[in-house]
Amino acid sequence: MEACVSPIQPFLELPDEPPVPWLSCYAAFKTYIVVLNLGKMDKLRACALLVHNLGTKGQRILSTLSDLEGFEDVIELMAHHLRALDSVVVQRIKFWQRHKRAGEPIQRFITDLKLLASECRFGPPEEETVCDQLAEHTNNAAIRTKLLTILGDLTLARAVELALQLKTVDKLASELSEHLSQWQLEFPAMTQVVDPDSDDSMKENTRETSTAKFRSTPGKPMCMGCGSVKHHFKARDSPLGVRDLVQACEEGQPQQVRTKQQRPWDTFQQVPIIQDEQTPWKLFRALKIISMIVTAIFIFGLALCSKTSFLILITLSSEGTKTIPDDLKPVTLLCIGCSLITSSVLLFLKSLWKSFFKTAKVPSLKTSAFVLSFEFLVSGGAAILTIIAMPHLDIITNITILNSIAVYSALLQVAAQCSAKNTNRYMVPSILSFILILTGYCLFVVLYILKDLTDIQTATWVGLAVGGSFLVSLNWWENYFRVISESSSSAFLKELCKDMRRGQNFLNILSSLLRIAVTACVLGAYVPLTNLDWEVVTSIPLRETKIIAITVGVQLISSALCHWFALSASKMHVMRRCFILPLYLASLAVVALLVVPVIVYYENHRISFNETVTNFTAYCDVVDGRNLSASVFEDLVNDVTRTLCFLDMSDMMDIGILTGSAAAWWLGLILATLHLWYLNLHRIQRTQDLFTRRLYEGTFIEQSLLLNVRFEIPSKQKRKKRDVGIEPAMVYLCATMWHETYDEMMNIIISIFRLDKYRPKEKQMEQDFSFEAHIYFDDAFQYVDGTQERHLNEYAETLVQIIKEVYGIFTNMGDSFFKNQHQIPDQRIIRTPYGGRVVITMPHGNNIVIHFKDKELIRHKKRWSQIMYLFYLLGFKLTTKYYKEWKNGGDEKWLMQEAQKEKHNTYLMALDGDTDFQPGAVVLLIDRLRMYPRVGAVCGRIHPTGAGPTVWFQKFEYAVSHWLQKTAEHVFGSVLCSPGCFSLFRAEALMDDNVMKTYSTKSTEARHYIQYDQGEDRWLCTLLMKQGWRVEYTAASDAYTNAPEEFKELYNQRRRWGPSTMANVVDLLGSSTIISHRNRSMSKPFMFYQLFSLFSGILAPATIILMVAGSLSFLWEFDSAASIVISVIPPAIYLGLSFKLKSDTQITIAAVLSIIYAFLMMVVTLSIIGSMVKEQTILTPSSIFVIAMAMIYIITALLHPQEFYLVFYGLLYIICIPSAYLLLTIYSMVNMNNVSWGTREAKPTPGGPKPAATPQTTTQKGWVRKLQSVTEDMNLVEERLDEEEVEFWKELQVKYLEPLPNDKEKQKKMADDLKSLRNKINFAFFMINAMWLVATFTLQIYNEIFAIRIPIYNLTLDRTDNEIEINPVGLMFILGFALSVVLQFIGMFYHRMNTIMHYVAFMDTETRKPKPKKQKKYKKGKKKDTTSNEEIEESSSSNHTTSTDSVSEVSEVSGSQGNPNESDNSEDEELFSRWPEEGIMV
């Protein structure tokens, strides 16, 4: 019997978490005893057998607990020691969050619920609670409906039985549906529709038997549920679902059948474009490859230049060199010292700046002493090694001995892994590295000392070299000290490590100063000891000056650039190919670069002397006897050769020992940095998280870069997991709608469905974020003719219809040719206190929640919709649950930490109702918030879409704004406006003090209407920046939105934007001192830049008038003063008329004037070009300015190759400058008091009754039935809102969102206040412009006195007799504008480099879609194999295929896998890839 029973698994064999709980293990042990019939054995034997089955680690735990007295003691001690430590709160959270997964059997789900409930202490109602959880969290809508509608008490056993029955019925109905579909295709005559009343014999009078229900009558369709011919039913068409079919029919309930006639000849579809047609993925793929190649080449080349130039300096410091005489050695030694301290100087300046403008916490005295002691040893060792020892060694040893500075790193890696108790196979490379480096040292000592045992001086240099390299290898002790302190139980080490991180800036300042001082002391002491004089530094010959300056310049610049490109490679997520490998090869390349010329010169010398020089030693005598040559390169080769003359390079023993030491050191470095190949990197890796020290070592650049990378103990788990430590984010997509067109709504709905496909809710390969979409539809209800009923208007109904269409597209595309199309599953419709709600579950499990707002129940307009979702998502859904847990006795500290973590990782994406975006764009925005915790909002690149000249103008305007202005704000400070059409906000920032609360303020003053309501997105960003949050811009994230196509619509849109922009900038500038102190991104210089931009914007009308005046003077040779007067007249007349005329008339006049100004600008542009050709000069201020601006725009466009075509729209932009900056400015300023939206305005529907005075007089009873009747193919099941949420909405409406009363008196008073404010601002605004014009006019009159005369030069730079006269005020303005443009260009270039890194990182880290399996070809006569839904569930975890082969097929990007709400359908785990040939992200 015992031989047939396998022993039970040991409870805890290895030091890890127990594989099963102790109670489960003890239960298995008791079963094992019973099976072996050992129940009557004595207690001592039972105790021994139990201890034996505890395993090695379990026995060790037991031995440390207490003295054992018997079997019961072992049970009690182990149960007490291994008791569950989770609190009841945690267990209940796990229980309530447990949902049934797709494809999971009911029994498994119930078992998990019971196990979780057993730890929750529910008491007697535990079984009832489990039953409720089954009904609520099952993913099968039919099971949920059945369990919720059943009468009487529902027991858990009955609930499980019903669920299994419904699952079986669903399986059978699905099989039957497939069979009937095939039957209908084969016998179409039997499926034609016949009038059911024509055959009285088939009338349904009595209930038929179950077999008769499915009996077919030729020519007459029947119901599959009851067999009646009065109505018919197909499995996919039932509004109740397959499971409720029999019960509904037998109870005599007539079915509303949604039939779809099958017409084989009418299978064509009208499908919207859902592929990504905007993003040039092929270009980005080529850009990625080019970027990787360029980065690898630059890192390799710069490391080669840095190391070679440094070794040349070492060689020139040797005795007896011809290139630099011995008396000038202090100069080369000084240059070596400069190479040592340059990085310390840069670190000192950077840390000093951070200490002044950011944080500077002072560490404790013991921490400072601990860190500085290591810095003293490292800096002393580096100075001794490079300044004293290396000039006396050969060139090959100098190259390779720098690889030996990994000796302590290898040793500390072993120590770190031992302290972490992770002694596995990954420790072997570190041990081998340490052994190889020590072997290299031994060979090095043997090679030099055994040559002459009496040479004390050589032994001294060798000892200093070994000791110096050992000290230098301590440089990266922090990398391993962090790991050791984390795994150590020592509180001292943990506190020390924490204090070091906290006071890093201050420690960097001290360590930099110490390094500089130690290097200076070593250098200052060594020169006099070698009988050299520092005075030669002041009198260096020109030839030697050039050689030294070029060498040290190359060394310093190449080291800094190599460090920057190395950081870029890590951020691009290409460390293996572009960072590690080039640095490994750099040392070998340096050896080849310096040794190969020596060999070539040696062989040439042998050949030229007919091989009379028999060995290398004889050649060394020839080299020593040579004088300086005309070639610096030849002198350097000879000096390098001299370093090898100490050794007999003709002796194979010397060559073998030298090669062995060099190879051992190089291999030791590789093994010491082998862990870098398994390093886990995030998509955008922060420098401070990747590199332990901010310092790089310019004298051994490749070793410092490799050893400075963060050390992680390699393990299988970490290798498999890419984003270790990254918390998953929750993204709420919040779109506001009003009067969008069909095409505009289609854009955003398709975008949301794309994201659902890209990040499915369940079984996704990437767990970085999940999302939920919310659409807030303003003014969605209207009165029904002749009644007080309010139903959804045509815009709201259109939205639901679009969702139904898009759902069908994404579920049915990709199916086989004759396969039945999937019907849309049941969705939910809910009545709410603010109107109504429709909840759509998309094919991959994510939800779209449409909130239909009734303006008579809740406040409407965009800002109030935003406040509505801010309080709902962040206040109700995020915060309330923690408050409830706290009231139930939860730990307040733990709840606060969890709430803070969730706020930090919850993001809100603001969208407009017409935004079109790709899933990758959302991921790129999330990257910025994920990596930078103080970033409160981030926006993407907005592309206007549409057709016509108005849109073309906006395309170039948007491009220039994003290319130059937003990038400059991002680089030098913070982006001032994150547009509401496509921006991602951090919940933590929105919930900060003075942000959400202030944003919900009702406009009570005239200025509030302008700042708060006309530009709500800019005001929200202003509030964020005031609280210290940074707003960023990501050019890699593209979104598309419809732009105004009509001149009038554009003017009305900018009428809102202009004043609100000015109001918010003035608000920021007024609080510049507080903001600069609180917000680290917004310095005083940046605020001054914004002040200049504001001043330039105010003076835009006057500047355009002066430009027009210059044009008149240039074309018709008018007097300058007269030209100004003539140019002022048209805009002055337009300004005066604007105060009297209606806005539509103002726009008409502006359109006429815009055409006139456009012709004038075109003539002027051509005239300027003609004058440059005629006078053969471009060296005039106007010509230089025009050419410089054109070059900046062209170069900027070249750096955005996918948008280069927008340059051609720049011609239209130029001729429209007067309209945009003169007429539009006047229109927006004069109509500042008009606070209406201006775009998408629609007249009220005629014929309906006027709105009632109070919302209580209206009813909404019929809108649900009306919407259900409209959406025939999508059944909307009505549900009730939770009482707690109902109470929330009522309280929110009362406090913040109650409809504003229609108070005519207050409205009139506010209109008067707005006009008064407009008059005041307009007076100041145009008075400043008038003063500017008057000043310019005065200077033109007294031109002879004040003018600055600049001579004109021709193309050959010869001075001509002509001069150009410029007034000083205009020159200062032009210079200021040019300076701002140059700063914008620099910011754009820097931002563009980072954008390329982000692109490459994204394309290299996004999960690729698995290759689809090929479909089996249809063979005639073969019946289609129909696999049961149960089998699909079992195979879905391993096989997920799609029915597409080419990306050109729309089905590839929108393929379906059935209904995700029904547990019997497998979910598609397939993700979109980023490559066009692998599936474009739709």
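Residues numbered from 1 in each chain as written. Predicted model: local features only at pLDDT ≥ 70, side-chain atom pairs only at ≥ 80, totals over all residues. Heavy atoms only, no water.

1. Here's the deal with the overall build of the protein
So, point 1. Per the secondary structure count, the protein includes 54 helices and 15 strands.
So, point 2. Looking at the protein residue by residue over its 1482 residues, the buried ones come to 51%.
So, point 3. Put simply, 79% of the contacts in the protein that link residues at least 6 apart link residues at least 24 apart.
So, point 4. When the accessible surface of the protein is summed, it comes to about 69800 Å², and 60% of that surface belongs to carbon and sulfur atoms. (Helix = DSSP H or I, 4+ residues; strand = E, 2+ residues; numbered from the N terminus. Buried < 20%, exposed > 50% of the residue type's maximum accessible area, 1.4 Å probe, protein only. Contact = heavy atoms within 4.5 Å. Areas by Shrake-Rupley, 256 points an atom, 1.4 Å probe, with all protein chains shown as cover.)

2. Some thoughts on helix 6 (residues 106-118)
So, point 1. Across its 13 residues, helix 6 extends 18 Å between first and last C-alpha, which sits within 8% of the 18 Å expected from 1.5 Å per residue.
So, point 2. Within helix 6, burial applies to Ile106, Phe109, Ile110, Leu113, Leu116 and Ala117. The buried residues of helix 6 occupy an angular sector of 130° when the element is viewed end-on, so they sit on one face. Along helix 6, exposed side chains directed more than 90 degrees from the buried face belong to Arg108 and Leu115. (Expected span 1.5 Å × (residues − 1). Arc of directions from axis to C-beta.)

3. Describing the sheet that holds strand 11 (residues 982-986)
So, point 1. Taken in spatial order, the 11 strands line up as 9-12-10-11-8-1-2-7-6-5-13 in an open sheet, and their pairing is mixed. Here the strands that pair on one side only, and so sit at the sheet edges, are strand 9 (916-917) and strand 13 (1276-1279).
So, point 2. Two strands pair when backbone bridges link them, and strand 5 (residues 827-832) and strand 6 (residues 835-841) are joined in this way by 5 bridges, in the antiparallel orientation. Looking across to strand 6, one finds that Arg831 is bridged to Gly836.
So, point 3. Packing of helix 32 (residues 892-904) onto the sheet brings it into contact with strand 8 (906-912) and strand 11, and relative to strand 8 it is tilted by some 30°.
So, point 4. Against the sheet, helix 34 (residues 949-972) makes contact with strand 10 (935-945) and strand 12 (1030-1042), and its axis sits at roughly 155° relative to strand 10, the strand it touches most. (Pairing = 2+ DSSP bridges. Axes fitted to C-alpha atoms, helices over the stretch in contact; angles between N-to-C directions.)

4. Quick notes on the confidence of the model for the protein
So, point 1. Averaged over all residues, the pLDDT of the protein equals 78, while 75% of them reach at least 70.
So, point 2. Mean pLDDT per element in the protein: helix 54 (residues 1450-1454) is the minimum at 34, and strand 11 is the maximum at 95. (pLDDT = per-residue confidence, 0-100.)

5. Quick word on the packing of aromatic side chains
So, point 1. A complete count under the given rule lists 42 aromatic pairs for this structure.
So, point 2. With centroids separated by 5.7 Å and ring planes inclined at 45°, the aromatic side chains of Phe370 and Phe481 adopt a geometry described as tilted. One end of the pair, Phe370, is in helix 13 (residues 365-389); the other, Phe481, is in helix 18 (residues 477-487), and 111 residues separate them in sequence.
So, point 3. Using a relative accessible area of 28% as the deciding quantity, one classes Phe370 as partly exposed. (Phe/Tyr/Trp six-rings, centres within 6.5 Å; stacked < 30°, edge-to-face > 60°.)

6. Focus: the pairing of strand 7 (residues 847-853)
So, point 1. Most of strand 7 sits out of view: 7 of its 7 residues are buried.
So, point 2. Side chains Asn847, Val849, His851 and Lys853 project from strand 7 onto one buried face, and the interleaved Ile848, Ile850 and Phe852 project onto a second face that is buried too.
So, point 3. In the sheet, strand 2 (residues 769-777) pairs with strand 7 via 5 bridges, with the strands oriented parallel. Following the sheet pairing, Tyr776 is matched in strand 7 by His851.
So, point 4. Two strands pair when backbone bridges link them, and strand 6 and strand 7 are joined in this way by 7 bridges, in the antiparallel orientation. In the strand pairing of strand 7, Gly836 is matched with Phe852.
So, point 5. Joining the antiparallel neighbours strand 6 and strand 7 is a turn of 5 residues, in which Gly845 adopts a positive phi near 95°.

7. Considerations on the nonpolar core
The nonpolar side chains of a soluble globular protein tend to be buried, and buried together.
So, point 1. Membership of the largest hydrophobic core comes to 107 residues, with the highest contact counts inside it found for Ile387, Ile395, Phe444, Phe579, Leu706 and Val709.
So, point 2. For this core, the element with the most residues is helix 22 (residues 575-608), which contributes 13 residues.
So, point 3. Apart from the residues within four sequence positions on either side, Leu706 is in contact with Phe579, Ile580, Leu583, Tyr584, Leu669, Thr673 and Leu676.
So, point 4. Counting residues in each nonpolar core, the second largest holds 105 residues, with Phe956, Ala987, Val1164 and Leu1314 among its members. (Core = buried A, V, L, I, M, F, W, Y, C linked by side-chain atoms within 4.5 Å.)

8. Comments concerning the side chain of His970
So, point 1. Following the sequence through the fold, His970 ends up in helix 34.
So, point 2. By relative accessible area, which is 9% here, His970 ends up buried.
So, point 3. Within polar-contact distance, the side chain of His970 engages the backbone nitrogen of Tyr1033 at 3.2 Å.
So, point 4. Setting aside chain neighbours within four positions, we find His970 in contact with Arg928, Val975, Arg1030, Glu1032, Tyr1033 and His1391. (Polar contact = N/O pair within 3.5 Å; in protein donor to acceptor, adjacent residues only side chain to side chain.)

9. Considering a nonpolar patch on the surface
So, point 1. A cluster of nonpolar side chains, contributed by Ile1155, Phe1159, Met1162, Leu1166, Ile1169 and Val1173, occupies part of the molecular surface with about 630 Å² of accessible area.
So, point 2. Classification of Met1162 by relative accessible area gives partly exposed; the value is 39%. (Patch = residues over 30% accessible without salt bridge, like charges linked within 9 Å, V, L, I, M, F, W, Y side chains within 5 Å. Salt bridge = Lys/Arg side-chain N within 4 Å of Asp/Glu carboxyl O.)

10. A few points about the pattern of salt bridges
So, point 1. Counted by the stated rule, this structure contains 37 salt bridges.
So, point 2. Note that Lys877 is salt-bridged to Glu772, the shortest N-O span being 3.0 Å. Highlighted residues: Lys877 in helix 31 (residues 862-887) and Glu772 in strand 2, separated in sequence by 105 residues.
So, point 3. Between Asp1013 and Arg863 there is a salt bridge, with the nearest N and O atoms lying 2.7 Å from each other. With Asp1013 in helix 37 (residues 1006-1013) and Arg863 in helix 31, this pair connects stretches of sequence that are 150 residues apart.
So, point 4. Three or more residues joined by partner-sharing salt bridges are found here, namely Glu375, Glu478, Arg515, Arg693 and Glu697.

11. Looking at the packing of helix 43 (residues 1120-1138) against helix 47 (residues 1217-1230)
So, point 1. At a closest axis distance of 10 Å, the pairing of helix 43 and helix 47 adopts a crossing angle of 25°. As judged from the angle between their axes, helix 43 and helix 47 are roughly parallel. In the crossing of helix 43 with helix 47, the sense of the turn from one axis to the other is right-handed. Of the residues in helix 47, those touching helix 43 at Pro1131, Tyr1134, Leu1135 and Ser1138 are Leu1222, Leu1223, Ile1226, Tyr1227 and Val1230. (Parallel < 35°, antiparallel > 145°, perpendicular 65-115°, else oblique. Left-handed = near helix turned anticlockwise from the far one by under 90°.)

12. Focus: the packing of helix 31 against helix 49 (residues 1283-1297)
In helix packing, the relevant descriptors are the interaxial angle and the interaxial distance, both defined with respect to the helix axes.
So, point 1. One way to put it is that helix 31 packs onto helix 49 with a least axis distance of 11 Å and a crossing angle of 135°. If you check the angle between helix 31 and helix 49, you find them oblique. Between helix 31 and helix 49 lies a crossing whose hand is right-handed. Touching Trp864, Ile867, Met868, Phe871, Tyr872, Phe876, Thr880 and Lys884 of helix 31 are Glu1284, Glu1285, Phe1288, Trp1289, Leu1292, Tyr1296 and Leu1297, all from helix 49.
So, point 2. Counted by class, the contact of helix 31 with helix 49 contains 11 nonpolar, 1 polar and 3 charged residues. (Nonpolar A, V, L, I, M, F, W, Y, C, P; charged D, E, K, R; others polar.)

13. Concerning the environment of Arg1078
So, point 1. Looking at where Arg1078 falls in the secondary structure, it is placed in helix 40 (residues 1072-1078).
So, point 2. Taking the C-alpha atoms as reference points, Arg1078 and Lys1026, 52 residues apart in sequence, are found 7.4 Å from one another.

14. Section: the side chain of Ser351
So, point 1. One can find Ser351 in helix 12 (residues 329-357).
So, point 2. Beyond its immediate chain neighbours, meaning those up to four positions away, Ser351 contacts Asn505, Asn508, Ile509 and Arg694.

15. Considering the environment of Asp912
So, point 1. Along the chain, Asp912 turns up in strand 8.
So, point 2. Between the alpha carbons of Asp912 and Cys734 there is a distance of 8.4 Å; along the sequence they are 178 residues apart.
So, point 3. Excluding residues that lie within four positions of it along the chain, Asp912 makes contacts with Ala735, Thr736, Ile748, Lys862, Gly980 and Cys981.
So, point 4. Only 2.9 Å separates the side chain of Asp912 from the side chain of Lys862, close enough to count as a polar contact.

16. Remarks on the pairing of strand 12
So, point 1. Of all 13 residues that make up strand 12, 12 are buried, and the element is covered over most of its length.
So, point 2. Pairing geometry for strand 9 and strand 12, over 2 bridges, is antiparallel. Bridging from a neighbouring strand, Phe917 pairs with Ala1039 of strand 12.
So, point 3. One ladder, built from 10 bridges, connects strand 10 with strand 12; its direction is parallel. Following the sheet pairing, Gly940 is matched in strand 12 by Thr1034.

17. Here we look at unusual backbone geometry
So, point 1. Even without being a glycine, Asn531 presents a positive backbone phi close to 60°.
So, point 2. The exposure class assigned to Asn531 is exposed, which follows from its relative accessible area of 72%.
So, point 3. For His573, which is not glycine, the phi dihedral falls at a positive 65°.
So, point 4. The exposure class of His573 is buried, given its relative accessible area of 17%.

18. Quick look at the environment of Ala729
So, point 1. When you line up the elements, Ala729 lands in strand 1 (residues 729-737).
So, point 2. The exposure class of Ala729 is buried, given its relative accessible area of 3%.

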